[in-house]
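Structural features, examined
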Amino acid sequence: MATAAVVETGERENYLNATYGLKSWLLTVDHKRIAMLYLISITFFFFIGGFFALLIRLELLTPASDLVQADVYNKLFSMHGMVMVFFFLIPAVPAVLGNFLIPIMIGAKDLAFPKINLLSWYLYIIGGILMIYTILAGGVDTGWTFYTPLSTEFLNTNVVSAALAVFVAGFSSILTGLNFIVTTHRMRAPGMTWNRLPLFVWAHYATSIIQVLGTPVVAITIVLVFLERVFHLGVFNPALGGDPLLFQHLFWFYSHPAVYIMILPGMGIISEIVCCFSRKRIFGYKAMALAVLGIAVIGFLVWAHHMFVAGISLYAALVFSLLTYFVGVPSAIKVFNWTATMYKGSITYQTPMLYAFAFIGLFTIGGLTGLFLASLGIDVHVTDTYFVVAHFHYVMVGGMVVAYLAGMHFWWPKISGRMYPEGWGKLAALLVFVGFNLTFFPQFVLGYMGMPRRYAAYPPEFQVLNVLSTAGATILAVGYLLPMVYFLWSMRYGPIAPANPWGAAGLEWQTSSPPPTFNFDYQPVVTWEAYNYDEIPEPEEVPVAN
Amino acid sequence: MQTSPAAVVEAHAHDNPALLHHFATEGQQKNAASLGMWLFLAQEVMFFGGMFCAYLIYRYKYFGDFGSASQQLSITLGAINTAVLICSSLTVVLAVRAAQLGKRTALVIWLLLTIVLGLVFLGIKADEYAEKFEKHHVPGPHFSYHELLPGQEGKPAAEQQYANPRHAEMYFSLYFAMTGMHALHMIIGVGIFAYLALMAYRGKYGAEYYTPIENSGLYWHFVDIVWIYLFPLLYLIDRHR
């Protein structure tokens, strides 16, 4: 009995102690518990993908291919890419933080379709099991892009199971996005108008549009690859007049917008944190909301910039180059508005804010180098070099992962009801920032000097920069392990968190930490927007863990 | 004015049993389900869209060969199947109407009729597939194709031009991928309607709650519309000569 549990522990009933037992978790329809299931499984895949990354960096410590042979190296970077992209970067922020926070932020009891939410976690797990099977059965070496005809005609590795893994995980992503859109439209509390919606919700709304409209295209593309391998249909087969470029078009039609699936939710996190720790209303709320929608829409029109040297026509390349520049406009609006929000704000330097600083700087570098790559001349020079690798890791790791860590620290008191140790948090943030830059900045230089990606060996003159990069990756790994250790530690030993430790304005801070099963004890009625920091007092003394 | 979650759940218990705990009203629940279904269909449009895109590109590139391969299909069977599907859309609409009016027997009958029409379609489709196997028109190692390009029949034998068998194989690859994916959706739809018919027989649906019937109907209409595009695209290439 739920009530009995409360009497025994003397704690307030919340989503964590409402019921007990494995079944109460595996069959839960509570969005907060499903978010925790996702948190555990996504962390697992993050460390698998990270393990492959460390092996790659270790191999690249020396110029010769000595730790692993070239064929094994091909598998390492392929599986690193697949695991990280499809099982960490795409689901992480929406499925963990979005799942947990969106209903609370809009004053709903749950997502619109709680059972579909649970189904999407099970699809993720089925996809994950297929991915693990792929790894254990000897891996796959198509690259994470499955380019045809390499993947359909020439490789004898586990392409079919890897394709199925991505396909199933894709439907998990579609269902999450569908759930968020319907929830945002239909489940808002009285008074929660579109103009009062937190930017975190706006960002997830934009992300969900991409998930629902983009993911099915890569799903059918992967089905066609599957049919080609298993049933000898030949849609991409050059021997039947099939066009390999068609595969690339279909693949990037999703996989370019997919990078916005990864980064937009992170931008939502940063908007919340920057306001809270500057004690100021967001600068240009409407522009910020429109910017995420703008990125989502324009993001659908730029995919062929991945194919500038693949044989598309010059005119197509010019158009896609121009369209790619357009994405820079809403992205720049975001960066300028965050800095304008901080201007003359009363800034405090807690861990989430440190990550937010890191995000803004690193995302700016990642975004601007994206514009280098959008210009046709430079792109020809640096295509398939480490310059591209450094660029997307600045956006994905420096942007998305840093934002994810920022959000985890910011909302950890709400999720767990405990405070994490602030000193360790700051140390980890510093390690991540230093380790990250040391890992990936040398790769910009390496790429510009002409070191190609996806090779296990390289000329000796590149060694110094590669050693720096590997050293940075080691620091980065420590920076990632630390939060996992102290988050787990804080669940038992951290100080009890109050409902609103940061003095934040969002609706999610109005309910207790951790929230009760139905999020609020009463139906909230919203009469303010999420950023009226003028009227909210500074937080009481934040409990600090030693 | 605080209400505990348990009290909220209890308050719902007096209302419609189909109203789930996290919705305030039945209208909100119905609107949410309806929007969810439309989004799912948008997802389906993009899913089939990838194949339609591939088809249109190759049809443009290899028009003559696709025209030749298209004439291997039976227009009669395709047209019958089109009519069958349009009729099944009608029976679905009538099922939704019967649910709205609370006519249980009529609802079950219309649902069963829809299933029958769906199975007729699948049966005819299976027969067409079987013919493709017999003629070695299934892509793969056993594929063989030796047919004239469209408009070559009247010419002297020495001048006649034949279709490129590789491109014809591409046509049949797309034919099987597209109609196969469509048939898979039909099979799923028949399964859904079988479940709905059972639940309707048990009296689960009525004038106050028929959302599953309506949303499954939307799904069925979508599957029909896919076929309405597939039929001219695959069967009617270059038939006007």
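Residues numbered from 1 in each chain as written. Chains lettered and ligands numbered in written order. Predicted model: local features only at pLDDT ≥ 70, side-chain atom pairs only at ≥ 80, totals over all residues.

**Let's talk about the interface of chain A and chain B**
Going by this rule: What counts as a contact here is a pair of residues whose C-beta atoms, placed from the backbone, lie within 7 Å. Helical segments are the DSSP runs of H or I of at least four residues, strand segments are the runs of E of at least two, and each set is numbered from the N terminus.
Contacts between the two partners involve 37 residues from chain A, matched on the other side by 35 residues from chain B. Of all the secondary-structure elements, those providing two or more residues to the side of chain A that touches chain B are α8 (159-186), α9 (199-231) and α10 (244-278) of chain A. Considering every element that reaches the side of chain A that touches chain B, the biggest residue donor is α9(A), with ten residues.

**Re the packing of α10(A) against helix α15 (residues 386-416) of chain A**
All names here are of chain A. Where we set the bar: Axis definition: a line fitted to C-alpha atoms, over the contacting stretch in the case of helices. Angles run 0 to 180 degrees between N-to-C directions. We call two directions roughly parallel when the angle between them is under 35 degrees, roughly antiparallel when it is over 145, roughly perpendicular when it lies between 65 and 115, and oblique otherwise. What makes a crossing left-handed is the near helix being turned counterclockwise from the far one by less than a right angle; a clockwise turn instead makes it right-handed. Think of it as three bins: nonpolar holds Ala, Val, Leu, Ile, Met, Phe, Trp, Tyr, Cys and Pro, charged holds Asp, Glu, Lys and Arg, and polar takes everything else, Gly as well.
Between α10 and α15, the shortest axis-to-axis distance is 9 Å and the interhelical angle comes to 45°. Considered as vectors, α10 and α15 are oriented oblique to each other. Judged by the twist between their axes, the crossing of α10 over α15 is left-handed. When α10 is examined against α15, the residues Val259, Met262, Ile263, Gly266, Ile269, Ile270 and Ile273 are found in contact with a partner set consisting of Val395, Met396, Gly399, Met400, Ala403, Tyr404, Ala406, Gly407 and Phe410. In terms of residue class, the contact of α10 with α15 is made up of 13 nonpolar, three polar and no charged.

**A word on the packing of helix α3 (residues 31-59) of chain A against helix α17 (residues 463-493) of chain A**
Residue and element names in this part refer to chain A. Where α3 contacts α17, the two axes come as close as 10 Å, and the packing angle between them is 160°. Comparing their axes, α17 and α3 come out roughly antiparallel. Helix-helix and strand crossings are classified by hand; for α3 and α17 the assignment is left-handed. Facing Thr43, Gly50, Ala53, Leu54, Arg57 and Leu58 of α3, the residues of α17 in contact are Ser469, Thr470, Ala473, Ala477, Tyr480 and Met484.

**Some words on the environment of B:Ala54**
Counting through the fold element by element, B:Ala54 comes out in helix α2 (residues 26-61). C-alpha of B:Ala54 to C-alpha of B:Ser68: the two residues are 14 residues apart in sequence and 18 Å apart in space. The contacts of B:Ala54, once residues within four sequence positions are left out, are A:Val235, A:Leu246 and B:Leu174.

**Section: the environment of A:Val235**
Within the secondary structure, A:Val235 sits in the loop between α9 and α10. Along the backbone, A:Val235 and A:Leu246 are eleven residues apart, and their C-alpha atoms lie at a distance of 9.1 Å. In this view, A:Val235 contacts A:Leu224, A:Glu228, A:Gly242, B:Ala54, B:Ser173, B:Leu174 and B:Ala177; residues no more than four positions away in its chain are not counted.

**A few points about the confidence of the model for chain A**
To keep it simple, the criterion reads: Residue-level confidence of the predictor, termed pLDDT, takes values from 0 up to 100.
In the predicted model, chain A carries a mean pLDDT of 93, and 97% of its residues have values of at least 70. Below pLDDT 50 for its whole length, residues 1-9 of chain A participates in seven contacts with residues either more than four positions away or in separate chains.

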